[in-house]
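What follows is the residue order along each chain.
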Amino acid sequence: MVTGPGTAMRTEEFGTLADGTRVHRWTLERDGTRVRVLTYGGVVQSVEVPDRDGARAGIALGLPDLAGYQEFTGPYFGALVGRYANRIGGARFELDGHTHRLTANEGRNQVHGGAVGFDKRVWRAREVADGVELSLVSEDGEEGFPGRLSVSAAYTLDEGGALRITYRATTDAPTVLNPTNHTYWNLAGAGSNSALGQTLRIAAGRITPADDESLPTGEFLPVDGTRFDFREPVPVGAGYDHNFVLDAAGPAAELYDAASGRVLSVTTTEPGLQLYTADHFDGRPFGPCAGIALETQHFPDSPNRPEFPSTVLRPGEEFVSTTVYGFSVR
């Protein structure tokens, strides 16, 4: 165990890939929060926090071994997703007059960075104050994206036990970038049944409605009078895989479980949040709606939607994005 200025840390071997590459697990612990992060896929394997009686339990859906993450790739359990979270329509986009054709891995579209995205890479790890920083180089042309991208994600625990993820990146050619974390949350406990019924608030007055391919139509739909109005806390129902346009100020979202008293708050520098209720889980290894994903991000298909906030990164610029997951009880 290595102790930093507030966060206790240790690292251990977690498994080995078929090519002999070793995967490690980092455990971070501070003020009642314990987080485990894998160098494979930047995965948040587990988050353990106490309930109102002080009993600690895992609240993030995770798998016990490396083989599980290699078998169940589609749900992206806890993964660091990129280069581009969510979908790019037609697996193509134009930038500065050039058309870039991407790997299509969801019908004709690309989702979550392609066939071999950040979630399937082994990241380099180094200790930083209060946590671990993972980094890798994504070479020009990977999954069709232009530019040699140097990217990192620092997982740290703040005072009080909040999990902070800070993404940074630079490129040697114009490109697009939209990373996120794909943890599924169940505040009643990761091994419990459906997370539906837990109370959710999202600070968003609009969504970007999507078509039958889950691609945005380009509209901005007010949530007033619709099932997308989470501006006041309401129990979560099924059937959500939608991008919410976040209001400028305050926490982006708050999830609450009345039985345990656990509260998850999400604060981000990103303009959007994808709510996904995992309706299509089939019991291998989790059942329908076993967790709720709250993916902070730029909007889907932004490279093809000039009306959306830009995801373009150019040489000489540094991409920086931060999301904080805070834990408390009431």
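Quick summary incoming for the structure in this document. (Residues numbered from 1 in each chain as written. Predicted model: local features only at pLDDT ≥ 70, side-chain atom pairs only at ≥ 80, totals over all residues. Heavy atoms only, no water.)

Moving on to the overall build of the protein. Secondary structure summary: the protein contains 1 helix and 29 strands in total. Expected size for 330 residues packed as a compact globule is a radius of gyration near 20 Å; at 19 Å, the protein falls within 12% of this value. Here the C-alpha coordinates of the protein stretch approximately 60 × 55 × 35 Å along the principal axes. Here the protein holds 330 residues, and 57% of them are scored as buried. On the protein, the mean spot of the 29 positive side-chain charges and the mean spot of the 43 negative ones are 2 Å from each other. (Helix = DSSP H or I, 4+ residues; strand = E, 2+ residues; numbered from the N terminus. Rg over C-alpha atoms; globule rule 2.2 N^0.38 Å. Buried < 20%, exposed > 50% of the residue type's maximum accessible area, 1.4 Å probe, protein only. Lys, Arg positive; Asp, Glu negative; His and termini not counted. Charge placed at Lys NZ, Arg CZ, Asp CG, Glu CD.)

Unfilled space is identified by rolling a water-sized probe across the atoms. Tallied over the full model, the rule gives 3 cavities of 30 Å³ or more. Put simply, the largest cavity is a space of about 90 Å³. Class assignment of the residues belonging to the lining of the largest cavity gives a composition of 7 nonpolar, 1 polar and 2 charged. Within this model, the second largest cavity holds a volume of roughly 70 Å³. The wall of the second largest cavity is formed by Asn86, Thr208, Ala210, Ser214, Pro216, Asp241, His242, Asn243, Gln274 and Pro300. (1 Å grid on protein atoms, 1.4 Å probe; cavity = no way out; pocket = protein on both sides within 12 Å on 5 of 7 lines; lining within 4 Å. Points joined across faces, edges and corners; volume = space filled by probe spheres on them. Nonpolar A, V, L, I, M, F, W, Y, C, P; charged D, E, K, R; others polar.)

Once that is clear, we can look at the nonpolar core. Counting residues in hydrophobic clusters, the biggest one holds 53 residues, and the most contacted among them are Tyr155, Trp185, Ile202 and Leu275. Of all the elements, strand S14 (residues 149-157) adds the most residues to this core, at 5 residues. Setting aside residues no more than four positions away along its own chain, tryptophan 185 makes contact with Val47, Ile59, Ala60, Ala195, Leu255, Leu264, Gly291, Ile292, Leu294, Tyr325 and Phe327. Core analysis: the second largest hydrophobic core is formed by 25 residues, Leu38, Tyr69, Val111 and Phe281 among them. (Core = buried A, V, L, I, M, F, W, Y, C linked by side-chain atoms within 4.5 Å. Contact = heavy atoms within 4.5 Å.)

Pairing is antiparallel in the open sheet, where 6 strands are placed in the order S18-S27-S26-S23-S20-S21. For this open sheet the edge positions go to strand S18 (184-185) and strand S21 (221-222), each flanked by a neighbour on one side alone. As judged from the 4 bridges shared by strand S20 (residues 204-208) and strand S23 (residues 241-246), these two strands associate in the antiparallel manner. Looking at S23, one finds that threonine 208 is bridged to asparagine 243. (Pairing = 2+ DSSP bridges.)

On to the side chain of histidine 298. Checked against the element boundaries, histidine 298 lands in the loop between strand S27 (292-297) and strand S28 (312-313). A polar atom in the side chain of histidine 298 sits 2.7 Å from the side chain of glutamate 270. (Polar contact = N/O pair within 3.5 Å; in protein donor to acceptor, adjacent residues only side chain to side chain.)

Along the chain, the position of tyrosine 155 falls in strand S14. Sequence separation between tyrosine 155 and alanine 129 is 26 residues; the distance between their C-alpha atoms is 9.9 Å. In contact with tyrosine 155, other than residues within four places in its own chain, are Leu28, Val37, Gly42, Val44, Leu80, Asp130, Gly131, Val132, Leu134, Leu163, Arg164 and Ile165. A polar contact is formed between the side chain of tyrosine 155 and the backbone oxygen of glycine 42, at a distance of 2.6 Å.

Take the layout of surface pockets next. Counted as a void, the largest pocket has a volume near 350 Å³. Lining the largest pocket are 23 residues, and of these Gly74, Pro75, Tyr76, Tyr184 and Tyr276 lie nearest its centre. A per-class count over the lining of the largest pocket returns 10 nonpolar, 7 polar and 6 charged.

Our next topic: the environment of glutamate 219. Secondary-structure assignment places glutamate 219 in the loop between S20 and S21. As a C-alpha pair, glutamate 219 and arginine 206 span 13 residues in sequence and 9.7 Å in three-dimensional space. Setting aside residues up to four positions removed in sequence, glutamate 219 forms contacts with Ile207, Thr208 and Pro209. A polar contact is formed between the side chain of glutamate 219 and the side chain of threonine 217, at a distance of 2.8 Å.

A few words now on the pattern of salt bridges. Scanning the model with the defined rule gives 23 salt bridges in all. Put simply, arginine 126 and glutamate 133 hold a salt bridge, and the shortest N to O gap is 2.8 Å. Owing to a relative accessible area of 17%, glutamate 133 belongs among the buried residues under this scheme. With a shortest N-O distance of 2.9 Å, arginine 231 and aspartate 229 are connected by a salt bridge. Take arginine 231: its relative accessible area is 33%, and that puts it in the partly exposed class. Owing to a relative accessible area of 24%, aspartate 229 belongs among the partly exposed residues under this scheme. (Salt bridge = Lys/Arg side-chain N within 4 Å of Asp/Glu carboxyl O.)

What is shown is where atoms sit, not what they do.
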